[in-house]
Amino acid sequence: MPTVPPPALNPDLLDTGTPPIPEAQGWARRYDGARGPLVDLSQAVPGSAPPEALLRRLAEAAAEPGNARYGGITGDAGLREGYAAEISRIYGTVFNPADVAITSGCNQAYVVTMMALAQAGDNVLLPTPWYFNHEMTLTMLGVESRPLSCTPESGFVPDVATAEALIDARTRAIVLVTPNNPTGAVYPPETIAAFAALCARRGLWLVLDETYRDFLPGDAARPHEVFAASGWRDSVIGLYSFSKAYAVPGWRLGAITAGEPVVAQIGKVLDCIQINPVRAGQAAVSWGIDGIRAWRERNRAEINARAGLFRATMAPLNGWRVLSAGAYFAYVAHPFAGARAAEVAQRLAQERGVLALPGPYFGPGQEAHLRIAIANVAAERIGLLGERLKGFSL
């Protein structure tokens, strides 16, 4: 009998890169501790635990028998209503609970949104450097990630005219992440408005990932005016994560903001993936929107202060250039011309106990760069960077 080859896996999945953070964490495990504790600047993880009051609410909700039953596919009413009221306050316009779907984290919000917007053979514009899970999702769906290059000279803010030149008949959406991961750049409201106008004019979706919205400076005006436009539901979808502002990444809660017909279609995908988000976490966070507001504001101020401390720490280091820095991330040019960024990051982790991510994790043309996650370490750990980087060479 002829030999039958083993069954194959989905080639689009096989073409998808391996999650990069575990690889970087492997470098750190080879650090011998000679220079003191590891300074882990690799991942966007809240640096502090959530407030005790929020944890108590979770325990109470978990003990409620009703929360062990199935809930709403697009989330429980309490959190949908609470989040709609919260974004109504932020953006100065009215959102309805029907405009909101609660998801198991913002990564899931992105996956189900892309499944709703594009099919295999389509393309989506992603500003580069991009968030690697965004590109990975599109690749496994058979959708092209079309790079929209953003330069240090522009502050890593994408250009509308450049984007329009990349659009073709198979383009379905443009994704903007602001405040940005990996660069920390905050897109000006007028840039976001220009992209919204472009998408409306060209019949595309604008997908706004605002995971780090809560960490804008406290005196900042509202992030943008796009949701104040009466027609936003026809071409704009917002994404959000509760993980960072509420310090609960393990609870896996995110949100989609879209017109009610879009939410209904996304609900089909959610029904096949999650049935419903974890209900105890929803109950705790719906209370926490107002219940820990003061804590969230203090946390915002503290994390913004770390960005200033990071810039001050890096300033005396010849050759290391901070190209962009926001509340959660900084994007840095290393001083080793022609060196692979992965080699720089690996040597830093193993020899100096500083773990950062190499630029190529975030798209093409990034060999000269490292991404630094500055929000998840205490101020004194950021202060260690100067002595760790001083005299470092390949």
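For the structure, check the block above.
So, here is what we can say about the structure in this document. (Residues numbered from 1 in each chain as written. Predicted model: local features only at pLDDT ≥ 70, side-chain atom pairs only at ≥ 80, totals over all residues. Heavy atoms only, no water.)

## Digging into helix H6 (residues 132–140)
No. 1: With eight of nine residues buried, H6 lies mostly within the body of the structure.
No. 2: Of all the positions in H6, only Phe-132, Asn-133, His-134, Glu-135, Met-136, Thr-137, Leu-138 and Thr-139 are classed as buried.
No. 3: Positive backbone phi, approximately 75°, marks Gly-142, located one or two places after H6. (Buried < 20%, exposed > 50% of the residue type's maximum accessible area, 1.4 Å probe, protein only. Helix = DSSP H or I, 4+ residues; strand = E, 2+ residues; numbered from the N terminus.)

## Structural notes on the sheet that holds strand E13 (residues 369–373)
No. 1: In space, the four strands of this open sheet follow the order E9-E10-E13-E12, with antiparallel pairing throughout. Both edges of this open sheet fall to strand E9 (321–325) and strand E12 (357–358), since each of them pairs with a single strand only.
No. 2: Of the strand pairs in this sheet, strand E10 (residues 329–333) and E13 are connected by five bridges, and their pairing is antiparallel. Across the sheet, residue Phe-329 finds its bridge partner in E13, namely Ala-373.
No. 3: Where helix H12 (residues 341–352) meets the sheet, its contacts fall on E12 and E13, and the angle it forms with E13 comes to roughly 45°. (Pairing = 2+ DSSP bridges. Contact = heavy atoms within 4.5 Å. Axes fitted to C-alpha atoms, helices over the stretch in contact; angles between N-to-C directions.)

## So, the packing of helix H4 (residues 77–91) against helix H10 (residues 279–291)
No. 1: The contact between H4 and H10 brings their axes to 9 Å, and the two run at 30°. It follows that H4 is roughly parallel to H10 by the angle criterion. The two elements H4 and H10 meet at a crossing, and its hand is left-handed. For the pair formed by H4 and H10, the contact residues are Gly-78, Leu-79, Gly-82, Tyr-83 and Glu-86 on the first element and Gln-282, Val-285, Ser-286 and Ile-289 on the second.
No. 2: Here the residues of the contact of H4 with H10 sort into four nonpolar, four polar and one charged. (Parallel < 35°, antiparallel > 145°, perpendicular 65-115°, else oblique. Left-handed = near helix turned anticlockwise from the far one by under 90°. Nonpolar A, V, L, I, M, F, W, Y, C, P; charged D, E, K, R; others polar.)

## Digging into the sheet that holds strand E7 (residues 236–241)
No. 1: With respect to topology, seven strands assemble into an open sheet ordered E2-E8-E7-E6-E5-E3-E4, the strand pairing being mixed. Every interior strand has two partners, whereas the edge strands, strand E2 (100–103) and strand E4 (144–149), have only one. Put simply, the sheet's adjacent strands are angled 25° from each other on average, direction ignored.
No. 2: As paired strands, strand E3 (residues 123–128) and E4 are joined by six bridges and run parallel to one another. Across the sheet, residue Pro-127 finds its bridge partner in E4, namely Leu-148.
No. 3: Relative to the sheet, H6 contacts E3, E4, strand E5 (171–177) and strand E6 (205–209), its axis offset from that of E3 by approximately 160°.

## Re the pattern of salt bridges
No. 1: For the structure on display, the rule yields 18 salt bridges.
No. 2: We note a salt bridge from Glu-302 to Arg-306, for which the minimum N-O separation is 2.6 Å. Of this pair, Glu-302 and Arg-306 are both found in helix H11 (residues 293–314), four residues apart, which corresponds to roughly one turn of the helix.
No. 3: Beyond isolated ion pairs, a larger network of salt bridges with shared partners links Glu-86, Arg-89, Asp-214, Asp-290, Arg-293 and Arg-296. (Salt bridge = Lys/Arg side-chain N within 4 Å of Asp/Glu carboxyl O.)

## Topic: unusual backbone geometry
No. 1: The omega angle of the peptide bond from Thr-128 to Pro-129 is 0°, so this bond is cis rather than trans.
No. 2: Turning to its location among the elements, Pro-129 is positioned in the loop between E3 and H6.
No. 3: Here the bond from Thr-178 into Pro-179 is cis, since omega is -10°, no more than 30 degrees from zero.
No. 4: Looking at the element boundaries, Pro-179 is found in the loop between E5 and helix H8 (189–202).
No. 5: Phi angles above zero are rare outside glycine, and Ala-247 is one such case at about 60°.
No. 6: Along the polypeptide, Ala-247 turns up in the loop between E7 and strand E8 (254–257).
No. 7: Assessed through its relative accessible area of 7%, Ala-247 is described here as buried.
No. 8: Phi at Arg-252 is positive, roughly 55°, even though this residue is not glycine.

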